[in-house]
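The residues making up each chain are set out below.
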Amino acid sequence: MTTAIDFWFDPTCPWAWMTSRWMLEVEKVRDVRTTFHVMSLAVLNEGRDLSDDYRAVMDAAWVGVRAAIMVEQRYGSDTLRDFYTALGTRYHLGEEPRTAETVRATLADLGLDEAIADRAQTDEVDEALRASHHEGMDPVGMDVGTPVLRVNGMSMFGPVISPAPKGEEAGDLFDGFVKMTAYPGFFELKRTRTVGPIFD
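The model shown is predicted, which means the values in this text are computed figures rather than measured ones.

Draft legend 1. How the structure looks around the pattern of salt bridges. All told, the structure shown has 14 salt bridges when counted by the stated rule. Close ionic contact of arginine 130 with glutamate 46 constitutes a salt bridge, the shortest N to O distance being 2.8 Å. Residue arginine 130 is found in helix H7 (residues 126-137), and its partner glutamate 46 is found in the loop between helix H2 (41-44) and helix H3 (52-75); the two are separated by 84 residues along the sequence. Classification of arginine 130 by relative accessible area gives partly exposed; the value is 29%. Of the residues examined, glutamate 46 reaches a relative accessible area of 39% and is grouped as partly exposed. Put simply, aspartate 113 and arginine 74 hold a salt bridge, and the shortest N to O gap is 2.5 Å. You can see aspartate 113 sitting in the loop between helix H5 (100-110) and helix H6 (116-119) and its partner arginine 74 sitting in helix H3, a full 39 residues away along the chain.

Draft legend 2. Region of the structure containing the sheet that holds strand E3 (residues 148-151). Strand order in the open sheet made by the four strands is E2-E1-E3-E4, with mixed pairing throughout. Each end of this open sheet is capped by a strand with a single partner; those strands are strand E2 (32-38) and strand E4 (154-157). Adjacent strand axes in the sheet meet at a mean angle of 20 degrees when their direction is disregarded. Pairing of E3 with E4, which is carried by four bridges, proceeds in the antiparallel orientation. Note that in E4 the partner of arginine 150 across the bridge is serine 155. Helix H4 (residues 77-93) contacts strand E1 (3-9) and E2 of the sheet and is inclined by roughly 75 degrees relative to E2.

Draft legend 3. Structural context of the layout of surface pockets. By volume, the largest pocket amounts to about 1,400 Å³. At the level of secondary structure, the elements contributing two or more residues to the lining of the largest pocket comprise H2, H3, E4 and helix H8 (167-181). Across the lining of the largest pocket, the residue classes break down as 25 nonpolar, ten polar and six charged. The space that makes up the second largest pocket amounts to roughly 180 Å³. Considering the residues around the second largest pocket, the lining is formed by Trp17, Met18, Arg21, Leu24, Glu25, Lys28, Leu93, Ala164, Lys166, Ile198, Phe199 and Asp200. With six residues, the single largest contributor to the lining of the second largest pocket is helix H1 (residues 14-29).

Draft legend 4. Highlighting the packing of H3 against H7. H7 packs onto H3 with a crossing angle of 90 degrees between their chain directions and a minimal axis gap of 10 Å. Taken as axis vectors, H3 and H7 run roughly perpendicular relative to one another. Facing H3, whose interface residues are Trp62, Val65, Arg66, Ile69 and Gln73, H7 presents Asp126, Ala128, Leu129, Arg130 and Ser132. Classifying every residue of the contact of H3 with H7 by side-chain character gives five nonpolar, two polar and three charged.

Draft legend 5. Fine view of unusual backbone geometry. With an omega of 15 degrees, the peptide bond between threonine 146 and proline 147 qualifies as cis. On the secondary structure map, proline 147 appears in the loop between H7 and E3. Note the cis peptide between glycine 158 and proline 159, where omega equals 0 degrees. Even without glycine at this site, glutamate 95 takes up a positive phi of about 55 degrees. The residue glutamate 95 is located in the loop between H4 and H5 in this model. If you check the backbone angles, asparagine 152 has positive phi at about 50 degrees while not being a glycine. Within the secondary structure, asparagine 152 sits in the loop between E3 and E4. Taking relative accessible area as the criterion, asparagine 152 reaches 63% and is therefore assigned exposed.

Draft legend 6. Looking closely at the environment of glutamate 95. Residue classification places glutamate 95 among the exposed positions, given a relative accessible area of 69%. The spacing of glutamate 95 and valine 43 is 52 residues in sequence and 23 Å in space, taken between C-alpha atoms.

Draft legend 7. H7, seen in detail. Taking 1.5 Å as the rise per residue, H7 with twelve residues should run 16 Å; its terminal C-alpha atoms sit 16 Å apart, in good agreement. Those residues of H7 lying buried are Asp126, Leu129, Ser132, His133, Gly136 and Met137. Projection of H7 onto a plane perpendicular to its axis shows the buried side chains occupying an angular sector of 125 degrees, all on one side. Elements that come into contact with the buried residues of H7 comprise E1, E2, H2, H3 and E3.

What counts, and at which threshold
- Note that residues are indexed from 1 along each chain, following the sequence as it is written.
- Whole-chain, interface and lining totals are the exception, using all residues; otherwise, since this is a predicted model, local features are given only for residues with pLDDT of at least 70 and side-chain atom pairs are given and counted only at 80 or more.
- Water and hydrogen atoms play no part in the side-chain values, which are based on all heavy atoms of the structure.
- Whenever a carboxyl oxygen of Asp or Glu lies within 4 Å of a side-chain nitrogen of Lys or Arg, that contact is scored as a salt bridge.
- We count a stretch as a helix when DSSP gives it H or I for four or more residues in a row; a strand needs E for two or more, and each element gets its number in order from the N terminus.
- Here's how the labels work: a residue is buried when its accessible area is under 20% of the maximum for its type, exposed when over 50%, partly exposed in between, all with a 1.4 Å probe on protein chains only.
- Strands are treated as partners if at least two bridges between them are detected by DSSP.
- Lines fitted to C-alpha atoms define the axes, with helix axes restricted to the stretch in contact, and inter-axis angles between N-to-C directions lie between 0 and 180 degrees.
- Contacts are residue-level and defined by heavy atoms, with any inter-residue pair within 4.5 Å sufficient.
- Two kinds of site are reported from a 1 Å grid over the protein atoms alone, namely cavities, where a 1.4 Å probe fits but cannot get out, and pockets, open sets with protein on both sides within 12 Å along at least five of seven lines, and residues are called lining when an atom falls within 4 Å of a point.
- Grid points are joined across faces, edges and corners, and a volume is the space filled by probe spheres set on the points.
- Here the nonpolar group is Ala, Val, Leu, Ile, Met, Phe, Trp, Tyr, Cys and Pro; Asp, Glu, Lys and Arg are the charged ones; every other residue, Gly included, is treated as polar.
- The scheme is simple: roughly parallel for angles under 35 degrees, roughly antiparallel for over 145, roughly perpendicular for 65 to 115, oblique for anything else.
- Here a helix's expected span is defined as the number of its residues, less one, multiplied by 1.5 Å.
- The directions considered for the arc run from the helix axis to the C-beta atoms.

Written out as C-alpha cells, the structure reads:
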C-alpha cells in the first residue's frame with residue numbers, strides 16, 4: 001500500500017529543496033508518493049523583527065510562492081512538483097535571482113502560462129497562499145519553518161539534511177523518520193548544523 005506524504009515548501013529555502021530531493025529519491029526505493037504543497041516564509045515572518053538583509057530576502061520570496069500557488073491552481077499538484085523542481089534548480093543550483101524574470105523563464109521551460117509571473121507580483125492569490133501555508137504550518141506550530149512533512153497524520157518540521165541521501169540510504173532514513181513520527185509524544189531531535197546545503 002502506497003504511503004502518502006505531504007510536503008510543504010517555500011521555493012526560496014535551500015533546506016526545503018534538500019528535503020524535496022530526498023523525498024523524490026525515496027519514491028524510487030519505497031512505495032511512497034509525495035504531494036507537494038506551498039508554505040510561505042514571508043507569511044511566517046510577518047510581524048517579526050527581522051534584519052534588513054533578511055527582510056529583503058522575505059520580500060523577494062513572495063513571487064516564487066505566489067507563482068507556485070497559481071501553477072497548482074491552474075495545472076494541478078503534479079505540475080507543481082515539476083515547477084518546483086525547475087524553479088529550485090534555477091534558484092539553488094543556478095544561483096539565479098528570486099525575481100519575476102526567473103519565474104517567467106521557469107514557466108517558459110515547462111510550457112506554462114508566462115503571465116503567471118506578472119500576476120505573482122500582485123496579492124490576488126494571497127488568500128489561497130495563506131490557506132495552504134496554515135494547513136502545513138498550524139500542526140507544527142510557528143516556531144519552525146520549512147520543510148514540513150506529514151506522514152500517517154503526523155506533521156513534523158524537517159528533516160534538515162545535507163547532502164540528500166541516495167538510493168537505499170534515502171530509504172533507510174525515511175524508514176527511521178516514519179518510525180519516529182509514529183509516536184505521538186515525539187517532538188524534537190536536533191543538533192547544530194555543521195555544513196551548508198550540499199547540492200549534488
